[in-house]
Amino acid sequence: MVERIPLTDMKTGETGRVVEILAGKGVHNRLRALGVRQGIKVTKVSAAFARGPVVLQVYGAQTALGFGISHKIIVDVKR
Amino acid sequence: MKRILLMGNPNVGKSAVFSRLTGIHVIASNYPGTTVEFTQGTMRVEGEKAILIDVPGTYGLEVTSKAEEIAVKMLEDGDAVINVVDATNLERNLHLTLHLLEKNIPVIIALNIWDDAKHKGITIDVKKTEELLGVPVVPTVAVTGEGIKELVSRIPEAFSPKIAERTEEGRWTEAGRIIDQVQSLQHRHHTALEIIGDASVKPLTGIPIAILAMFAVFKLVRFVGEQLVGNVFEPIFERLWQPLMMQLSSILHPGSFLHSIVIGKLIEGEIDFVQSFGLLTTGLFVPIGMVLPYVFSFYIVLGFLEDFGYLPRLAVLLDNLMHRMGLHGWAIIPMLLGLGCNVPGVMATRILESRRERFIAATIISIGVPCAALQAMIWGLVGKHGGGYVGIIYLSLFIVWVVLGRILDIVLKGQSPELIMEVPPYRLPSLQTISKKLLMRMVAFLKEALPMVLLGVLVVNILYFLKVFDVIANLTSPVITNVFGLPKEAVAAIAVGFFRKDVAVGMLGTLDLTAKQLVVAATVLAMFFPCIATFVVLFKELGVTDMLKSILVMLISSLIVGGLLNAIL
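Rules used in this analysis
- Starting from 1, residues in each chain are numbered consecutively following that chain's sequence as written.
- As they are written, the chains are lettered A onward and the ligands numbered 1 onward, keeping that order.
- Given that this is a predicted model, residues contribute local features only at a pLDDT of at least 70 and side-chain atom pairs are listed and counted only at 80 or more, while totals for whole chains, interfaces and linings are drawn from all residues.
- Only DSSP runs of H or I with at least four residues qualify as helices, and only runs of E with at least two residues qualify as strands; both kinds are numbered from the N terminus onward.
- The globule rule is 2.2 Å times the number of residues to the power 0.38, and the radius of gyration it is compared with is taken over C-alpha atoms.
- Residues are called buried when their C-beta atom has 20 or more other C-beta atoms within 10 Å, exposed when it has 12 or fewer, and partly exposed otherwise; all C-beta atoms are positioned from the backbone.
- Two residues qualify as being in contact provided that their C-beta atoms, derived from the backbone, are within 7 Å of each other.
- To obtain each axis, a line is fitted to C-alpha atoms, and for helices this fit is confined to the stretch in contact; angles are then taken between N-to-C directions over 0 to 180 degrees.
- With the far helix as reference, a near helix turned anticlockwise by less than a right angle produces a left-handed crossing, and one turned clockwise produces a right-handed crossing.
- By the convention adopted, Pro, Cys, Tyr, Trp, Phe, Met, Ile, Leu, Val and Ala count as nonpolar, Lys, Arg, Asp and Glu as charged, and the other residues, Gly among them, as polar.
- Bear in mind that the domain bounds are from an automatic or database domain assignment.
- Each residue gets a pLDDT score, which is the predictor's confidence in that residue and runs from 0 to 100.
- Note on pairing: DSSP must find at least two bridges between two strands before they are called paired.
- Think of a nonpolar core as buried Ala, Val, Leu, Ile, Met, Phe, Trp, Tyr and Cys residues, each tied to the set through C-beta atoms within 7 Å.

### Looking at the overall build of chain A
Reasoning step 1: Helices and strands together make up the secondary structure of chain A, namely two helices and six strands.
Reasoning step 2: Of the regular secondary structure in chain A, the N- to C-terminal order runs β-β-α-β-β-β-α-β.
Reasoning step 3: The C-alpha atoms of chain A give 11 Å as radius of gyration, which agrees with the globular expectation for 79 residues (12 Å, within 12%).
Reasoning step 4: Projected onto its principal axes, the C-alpha coordinates of chain A cover approximately 30 × 25 × 25 Å.
Reasoning step 5: The buried share of chain A, taken over its 79 residues, is 46%.
Reasoning step 6: Sequence separation of at least 24 residues holds for 57% of the intrachain contacts in chain A that already meet a minimum separation of 6.

This is the structure:
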């Protein structure tokens, strides 16, 4: 079953596909530069305690995103 | 001369390639009219000299940041591009490459980090990649120098295929299409560096690792610094310089005006490099004999941490704390640089997005982050009374750093932007890159510190001679004695703090203060005002109004903290 959830609700080690980024143009641009955009596959590497940043594997690199942004990135996860 | 541009994503080993290609003579400068820094050097292509420009790392040529804007501008007057590409992350890197190939400039590709790609089970068909992209592709390992010769010899083959312009999405699709044809992946186990890399970003293991790492860094910096002072610099000053200065002293006659400026006071008939306070005695000993060794050891360790890839992980772990101070994790970088010297620390606040963040960061650096010069002097003078006293100074500054950041975050309008940052894998750094960076930093330190220390010592002597300090001391004695519990003569040291904090702490050494008084004085000195070099940079980075605000914050908080320390201790 496919679940549509924000990045912050993903479990560490889970992989999902980005379906929507609910952020302004500036944030969109900065994310796109790192390859984070609609349709891309991402794997969650880790999450810090208490609303800390989320670390993702995107392409061959890891990207850290603040909790606020991560909450606005919606992914489809097969569970 | 031909201008060759070195371009690529951040964290692809571009600086290591740059170090390999260029000679010793490398200059860092700001792009005209901007705060974006780049380095350039010279190299030889087919026997002819060419300029190699290390363009700031960019992910694409869409102008979304200052660095990208500069990269696009530099592209206009370059003659060729060496596009450094990370072989372990080819697909994302190709996005920039494909964009470059649309432009009217010859391109050659350095497929860097080739060794790691092999370890990771990534095989790339180089011939096929050349065919598909239409430009030369050379596998390189910049850290060891592998492939660099071939890269240089093939620069003349650089070519501009001028492929049709694509949309951004089109480039991503094309990158994916190319990857499908040239790259194959094999299953393999995680390397040791990858395992440590992941462990140090996950909070459960990362926080203990961070604490251990910071402790080790602190110990290492002190150890290397102490060894250098004790075994190299002190012997040089005591055995070689001292006899020379004693001869000069007898020529100049102790007590004469010239003697008191050049040699300073004799302490029990001898030159005391800390207390004599002449230009050629204390003026040279403080920056070279006491401070330089620690600055040197600090920059070695920092350079290693930077190139190893630890700092982004620290940024992730500290993001939460930094958010409470109106900043995000990445702001830890200017703070760490500030521990070396506040000037590059404040300049590095440029990496932060908003004016508000830059103000908060620059202010708390100037107040709560003691530079290596100041720290070295504190260890030297206060450390004699016991490590606990040094600990109190550090603890006070740390508390001020956090509390002030929190207050500024609450008081200032606006909110802190979010962290968006690449976390590069751990990589063993190239010795060449580290030593080049170290050399540049040491030269910058000496250029910065030596003239200012000498000027500071000169001014102090003249002001003493003119009895100006006596007047100031009497005027300020209510604050100095009542609030801080210091003898009124200490005001001279605090006044010198406007120039150089290391010289100022050195002056405290001439006053015969108790341990408690030293702690109060050193803490107040660290906080109350930026040294003149930092002052100039604050002015440039923040503008007059914000700089004045920042200084007001410093004055008020140093009064409060100095008073509190005096009351508590």
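Next comes the rest of the write-up.
### Quick word on the packing of helix 17 (residues 387-411) of chain B against helix 22 (residues 515-528) of chain B
Residues and elements named next belong to chain B.
Reasoning step 1: Close contact between helix 17 and helix 22 brings their axes to 10 Å; oriented N to C, the two are set at 35 degrees. With respect to the hand of their crossing, helix 17 and helix 22 are arranged in right-handed fashion. Contacts from Y389, I392, I393, S396, L397 and V400 in helix 17 reach A515, L518, V519, A522, T523, A526 and M527 in helix 22.
Reasoning step 2: Taken together, the residues that form the contact of helix 17 with helix 22 break down as 11 nonpolar, two polar and no charged.

### Structural notes on the packing of helix 9 (residues 203-252) of chain B against helix 11 (residues 282-308) of chain B
Residues and elements named next belong to chain B.
Reasoning step 1: Following both chains from N to C, one finds helix 9 and helix 11 inclined at 145 degrees, their axes separated by 8 Å at the closest point. For the pair helix 9 and helix 11, the crossing hand works out as right-handed. Together, V217, L220, V221, V224, G225, L228, V229, F233, E234 and F237 of helix 9 and F285, I288, G289, M290, P293, Y294, F296, S297, F298 and V301 of helix 11 make up the contact between the two elements.
Reasoning step 2: For the contact of helix 9 with helix 11, the residue count by class is 16 nonpolar, three polar and one charged.

### With respect to the domain arrangement of chain B
All names here are of chain B.
Reasoning step 1: Looking at the assigned domains, one finds that chain B contains domain 1 (2-188) and domain 2 (203-568).
Reasoning step 2: Between domain 1 and domain 2, the C-alpha centre-to-centre distance is 39 Å.
Reasoning step 3: Each partner contributes residues to the interface: domain 1 has 11 residues there, and domain 2 has nine residues.
Reasoning step 4: Listing elements by their share of the side of domain 1 that touches domain 2, those giving two or more residues are helix 1 (14-21) and strand 2 (26-30).
Reasoning step 5: Top contributing element to the side of domain 1 that touches domain 2 by residue count: helix 1, with four residues.
Reasoning step 6: When grouped by side-chain class, the residues that make up the side of domain 1 that touches domain 2 number six nonpolar, four polar and one charged.

### Notes on the confidence of the model for chain B
Atom-level detail of predicted coordinates should not be read off regions where pLDDT is low.
Reasoning step 1: Looking at chain B as a whole, its pLDDT mean stands at 91, while 98% of the residues score no less than 70.
Reasoning step 2: Among the prediction metrics, the complex's ipTM stands at 0.93, with pTM recorded as 0.87.

### A word on the pairing of strand 3 (residues 37-45) of chain B
Residues and elements named next belong to chain B.
Reasoning step 1: As paired elements, strand 3 and strand 4 (residues 48-54) share seven bridges and run antiparallel to each other. Residue T42 lies in a different strand from strand 4, and its bridge partner there is I51.
Reasoning step 2: From the end of strand 3 to the start of strand 4, which pair antiparallel, there are two residues, and E46 there has a positive phi angle of about 50 degrees.

### Some details on the nonpolar core
Residue and element names in this part refer to chain B.
Reasoning step 1: Counting residues in hydrophobic clusters, the biggest one holds 190 residues, and the most contacted among them are V291, A372, I378, L508, A521 and A522.
Reasoning step 2: Here this core gathers at least three residues from each of two domains, domain 1 (2-188) and domain 2 (203-568).
Reasoning step 3: Sequence-distant contacts of L508, that is, excluding residues within four places in its chain, are made with L381, A490, A493, L513, L518, A521 and A522.

### Description of the interface of chain B and chain A
Reasoning step 1: Contact residues are listed per partner, giving 24 residues for chain B and 24 residues for chain A.
Reasoning step 2: A total of five residues in the side of chain B that touches chain A trace back to one element, the largest contributor, which is helix 12 (residues 311-323) of chain B.

### Description of unusual backbone geometry
Residues and elements named next belong to chain B.
Reasoning step 1: Of note in this structure, E46 is not a glycine but carries a positive phi near 50 degrees.
Reasoning step 2: Note that E46 resides in the loop between strand 3 and strand 4.
Reasoning step 3: On the basis of neighbour count, E46 is assigned to the exposed category, with 10 C-beta atoms found within 10 Å.
Reasoning step 4: The backbone phi angle of D512 is positive, close to 65 degrees, even though this residue is not glycine.
Reasoning step 5: Mapping D512 onto the fold places it in the loop between helix 21 (501-508) and helix 22.

### Re the pairing of strand 4 (residues 54-58) of chain A
Residue and element names in this part refer to chain A.
Reasoning step 1: In terms of burial, strand 4 is largely enclosed, as four of its five residues are buried.
Reasoning step 2: Looking at chain direction, strand 3 (residues 41-47) and strand 4 are connected through five bridges and run antiparallel. In the sheet register, A47 faces strand 4, and the bridge partner there is V54.
Reasoning step 3: Between strand 3 and strand 4, which pair antiparallel in sequence order, lie six residues; one of them, A50, sits at a positive phi of approximately 45 degrees.
Reasoning step 4: Here strand 4 runs beside strand 5 (residues 61-65); their pairing, made up of five bridges, is antiparallel. Looking at the pairing, V58 lines up with A61 of strand 5.
Reasoning step 5: Where strand 4 hands over to strand 5, the hairpin turn is made up of two residues, of which Y59 adopts a positive phi near 50 degrees.

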